[in-house]
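Remarks on the overall topology
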Amino acid sequence: MSSTTTETTSSTSSLPYEECRGVLRVYSDGSIVRSSKPSFDVPVHDDGSVAWKDVVFDHTNQLQLRLYKPAASKSKLPIFYYIHGGGFCIGSRAWPNCQNYCFQLALSLQAVIVSPDYRLAPEHRLPAAIDDGFTAVKWLQAQALSSEDTWLTDVADFGNVFISGDSAGGNIAHNLAVQLVAGSPELAPVRVKGYVLLAPFFGGTILSKSEAEGPKEAFLNWELIDRFWRLSIPVGENTDHPLVNPFGPFSRSLEEVPFDPILVVVGGSDLLKDRAADYANRLKNWGNKIEYVEFEGKQHGFFTIDPDSEASKALMLIVKRFITENSS
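Procedures and definitions
- Residues numbered from 1 in each chain as written.
- Predicted model: local features only at pLDDT ≥ 70, side-chain atom pairs only at ≥ 80, totals over all residues.
- Heavy atoms only, no water.
- Core = buried A, V, L, I, M, F, W, Y, C linked by side-chain atoms within 4.5 Å.
- Buried < 20%, exposed > 50% of the residue type's maximum accessible area, 1.4 Å probe, protein only.
- Helix = DSSP H or I, 4+ residues; strand = E, 2+ residues; numbered from the N terminus.
- Contact = heavy atoms within 4.5 Å.
- Pairing = 2+ DSSP bridges.
- Axes fitted to C-alpha atoms, helices over the stretch in contact; angles between N-to-C directions.
- Salt bridge = Lys/Arg side-chain N within 4 Å of Asp/Glu carboxyl O.
- Right-handed = clockwise from strand over helix to strand, strands pointing away.
- 1 Å grid on protein atoms, 1.4 Å probe; cavity = no way out; pocket = protein on both sides within 12 Å on 5 of 7 lines; lining within 4 Å.
- Points joined across faces, edges and corners; volume = space filled by probe spheres on them.
- Phe/Tyr/Trp six-rings, centres within 6.5 Å; stacked < 30°, edge-to-face > 60°.
- Disulfide = S-S within 2.5 Å.
- Nonpolar A, V, L, I, M, F, W, Y, C, P; charged D, E, K, R; others polar.

**Quick look at the nonpolar core**
The nonpolar side chains of a soluble globular protein tend to be buried with one another. If you look at the biggest cluster of nonpolar residues, it comprises 105 residues, and the most contacted ones within it are F80, Y81, F88 and I163. The dominant element in this core, judged by the number of residues it contributes, is helix α3 (residues 128–146), at 8 residues. Residues within four places of I163 in sequence aside, it is in contact with Y81, I83, V137, A173, L176, L180, V192, G194, Y195 and V196.

**Some words on the sheet that holds strand β7 (residues 77–83)**
If you trace the 8 strands from one edge of the open sheet to the other, you get β5-β6-β8-β7-β9-β10-β11-β12, paired in mixed fashion. Edge strands, defined here as strands with exactly one partner in the open sheet, are β5 (50–58) and β12 (290–295). For this sheet the average axis-to-axis angle between neighbouring strands, irrespective of direction, equals 20 degrees. Note that β5 and strand β6 (residues 63–70) share 8 bridges and pair antiparallel. Note that in β6 the partner of A51 across the bridge is K69.

**Focus: the pattern of salt bridges**
Summed over the entire model, instances satisfying the criterion amount to 18 salt bridges. Here D149 ties to K53 by a salt bridge, and the two come within 2.8 Å at their closest N and O atoms. You can see D149 sitting in the loop between α3 and α4 (150–153) and its partner K53 sitting in strand β5, a full 96 residues away along the chain. Residue K53 is classed as partly exposed on the basis of its relative accessible area of 23%.

**Regarding the pairing of strand β9 (residues 156–166)**
When you tally the buried positions in β9, you get 9 out of 11 residues, the bulk of the element. Two elements, β7 and β9, share 6 bridges in a ladder whose sense is parallel. Bridge pairing in β9 links Y81 to I163. Here 6 bridges tie β9 to strand β10 (residues 192–198), and the two strands are oriented parallel to one another. Counted as the bridge partner of G165 is L197 from β10. With helix α5 (residues 168–180) bridging β9 and its parallel neighbour β10, the resulting β-α-β unit is right-handed.

**Brief notes about empty space enclosed by the protein**
Taken as a whole, this structure holds 1 cavity of 30 Å³ or more when the rule is applied. The volume enclosed by the largest cavity comes to roughly 300 Å³. Around the largest cavity, the lining comprises 23 residues; the ones closest to its centre are F40, G85, G86, N97 and D166. For the lining of the largest cavity, the elements supplying multiple residues, two or more each, are α2 (96–109) and α9 (302–305).

**Brief notes about the packing of aromatic side chains**
Summed over the entire model, instances satisfying the criterion amount to 16 aromatic pairs. Summarising the aromatic geometry, the rings of Y17 and Y27 are spaced 5.3 Å apart at their centres and angled 55 degrees between planes, so their arrangement reads as tilted. Here the residue Y17 occupies a position in strand β2 (residues 17–20), and Y27 occupies one in strand β3 (residues 24–27), the gap between them amounting to 10 residues. Its relative accessible area of 38% is what places Y17 among the partly exposed residues.

**Details of the state of the cysteines**
This model, assessed by the stated rule, comprises 0 disulfides. There is no disulfide at C20, and the cysteine sulfur nearest it, in C89, is 5.3 Å away. For the unlinked cysteine C98, the closest cysteine sulfur is that of C102, found at 4.3 Å.

**What to know about the layout of surface pockets**
Volume-wise, the largest pocket comes out at about 360 Å³. Along the walls of the largest pocket sit 23 residues, with R34, G91, S92, W95 and L120 positioned nearest its centre. Among the residues forming the lining of the largest pocket, the class breakdown is 7 nonpolar, 10 polar and 6 charged. In this structure, the second largest pocket encloses a volume near 290 Å³. Those elements giving two or more residues to the lining of the second largest pocket turn out to be α2 and α9. With 5 residues, α2 is the single largest residue contributor to the lining of the second largest pocket.

Function-wise, these values are silent; they only describe arrangement.
Take a look at the structure:
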């Protein structure tokens, strides 16, 4: 039986534990300690150019999402989901690195940004996060049908939606693409026009070359990848679980699944690179509209760690073009 606290007690402090980015400790007796501080404790750059607010989208699990829109906008804007990463174990819409990136997305893309939280492992193992991602997009459908929240409905183009995710969020975005299929008919009048997978977090029992040979000093090294998976996959399962490995021995064939356009982005020095490339190649060979972009020498999460870098600026332009090309 596990329990979660926000501070270490004397009964657990002497036990062996595993740690994730300094904000999560899982002790050998099953006790879980979470820090209230973010892994990336950077200043929030809120200059008023982007309006934002929090909304509860799942009252049962008390999950919130954060909405952003350019403060000066008066025209209808595309809707862009940004689902945070963290190996399914850490992260939040409220972390400052996530908020700063969403400010940039709102202004650079001229879009309404939807940044949902989801339940985290190991307290809530997969498929909880995938289920919460689906609940977050169904929430948007409810807004489109009710038109009660004019803060959103006055500027949101519900027929022009893009779903993106970073790392674990990219995995969620993929699984939503499979579930919703091309045209997203079950979300009407909401229409998903494309997906952006930023260094998607996939796995498998057979290591890829980039996983096996990746340096230990990498921002996301194999030790941490393995720890995230052990803490997040269902008890008794391995990384060939269908939600983890899209092409594993237990996964449904994706060859006949009709996908909306997908942009896959990864850093050339990211241990997840080979899986991202394989994912893009397979889906493209099956006739889907897939774009793959690799940033040479860049590590996992380069665009949120250093959002003002030349590579991050180039990525923003690529995402903006992808939205323009696939919009109404």
